[in-house]
Amino acid sequence: MIATVRAGCFRAGHSFVSVLVAAVLSLSSCAPSHSDRVVISSKNFTESLILGELMAQEIEAHTPLKVERRFYLAGTYICHQGILAGRIDIYPEYTGTALTAILKQKPESDRTQVYERVKSEAANYGSWSVGSGAR
């Protein structure tokens, strides 16, 4: 699982909490439409909702920022389009789904290679990036 984030708002770290704290420190570069809060989304299934809520609670517990929750946003396409349009800042995504559905690459079996490939390709896009996550 990775945290798919809008580029410029979050930087990759070494742990889940460090990603969220780094998000707060770099939030000033986000779009002015919601620079006073972090917009967290999830897809429309329970695991995604729980992970989105965990992210929201961590940010609220460790920063002064407000969190706007936009959960149950259908699937990968809708959430990723929200990232690209600047309407949401972060949502949880499966690394394999990012590889196949977003980047349109063939599946691979080595999870470390998949993570590194998704991270590298996301950096090339410039409008979204990959935070750290379980590999």
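Refer to the preceding data block for the structure.
Computed from a predicted structure; not experimentally measured. (Residues numbered from 1 in each chain as written. Predicted model: local features only at pLDDT ≥ 70, side-chain atom pairs only at ≥ 80, totals over all residues. Heavy atoms only, no water.)

Colleague: Is there a simple way to think about the pairing of strand β2 (residues 37-41) in this case?
Modeller: As a general feature of sheets, a regular strand has side chains that alternate between the two faces. Summarising burial for β2: four of the five residues are buried, a large majority. Note that β2 and strand β3 (residues 66-70) share five bridges and pair parallel. Across the sheet, the residue bridging to valine 38 is valine 67, located in β3. Following the backbone out of β2, through helix α2 (residues 46-62) and into the adjacent parallel β3, one traces a crossover that is right-handed. (Buried < 20%, exposed > 50% of the residue type's maximum accessible area, 1.4 Å probe, protein only. Helix = DSSP H or I, 4+ residues; strand = E, 2+ residues; numbered from the N terminus. Pairing = 2+ DSSP bridges. Right-handed = clockwise from strand over helix to strand, strands pointing away.)

Colleague: In this structure, what is going on with the environment of alanine 101? I would like to understand it.
Modeller: Tracing the backbone through its elements, the reader meets alanine 101 in helix α4 (residues 95-102). With 25 residues separating them in the primary sequence, alanine 101 and threonine 76 have C-alpha atoms 7.5 Å apart.

Colleague: Can you walk me through the packing of aromatic side chains in this structure?
Modeller: Working definition: an aromatic ring pair is given by the centre-to-centre distance plus the angle between the planes. Throughout the structure, instances matching the rule amount to one aromatic pair. Ring geometry for phenylalanine 45 versus tyrosine 94: centroids 6.2 Å apart, planes at 5°, classification stacked. Taken together, the residues phenylalanine 45 in the loop between β2 and α2 and tyrosine 94 in the loop between β4 (90-93) and α4 connect sequence positions 49 residues apart. Judged by its relative accessible area of 30%, phenylalanine 45 falls in the partly exposed class. On the basis of relative accessibility, which here comes to 31%, the residue tyrosine 94 falls in the partly exposed class. (Phe/Tyr/Trp six-rings, centres within 6.5 Å; stacked < 30°, edge-to-face > 60°.)

Colleague: Hey, could you run me through the nonpolar core in this one?
Modeller: The nonpolar side chains of soluble globular proteins are, as a tendency, buried together. Core analysis: the biggest nonpolar cluster contains 15 residues, and Tyr91, Ile102, Val118, Trp128 and Val130 have the highest contact counts within it. Looking at this core, the elements that each hand over two or more residues are α3 (76-85), α4, α5 (111-125) and β5 (128-130). By residue number, the principal contributor to this core is α5, which donates four residues. Listed in part, the 11 residues of the second largest apolar core include Val38, Leu49, Met55 and Ala56. (Core = buried A, V, L, I, M, F, W, Y, C linked by side-chain atoms within 4.5 Å.)

Colleague: How should I be thinking about the environment of serine 41 in this particular structure?
Modeller: Within the secondary structure, serine 41 is located in strand β2. Residues serine 41 and glycine 82 lie 41 residues apart in sequence; the distance between their C-alpha atoms is 8.9 Å. Excluding residues within four positions of it along the chain, serine 41 makes contact with Arg70, Phe71, Leu73, Ile88, Ile90, Tyr91 and Pro92. There is a polar contact of 3.2 Å between the side chain of serine 41 and the backbone oxygen of arginine 70. (Contact = heavy atoms within 4.5 Å. Polar contact = N/O pair within 3.5 Å; in protein donor to acceptor, adjacent residues only side chain to side chain.)

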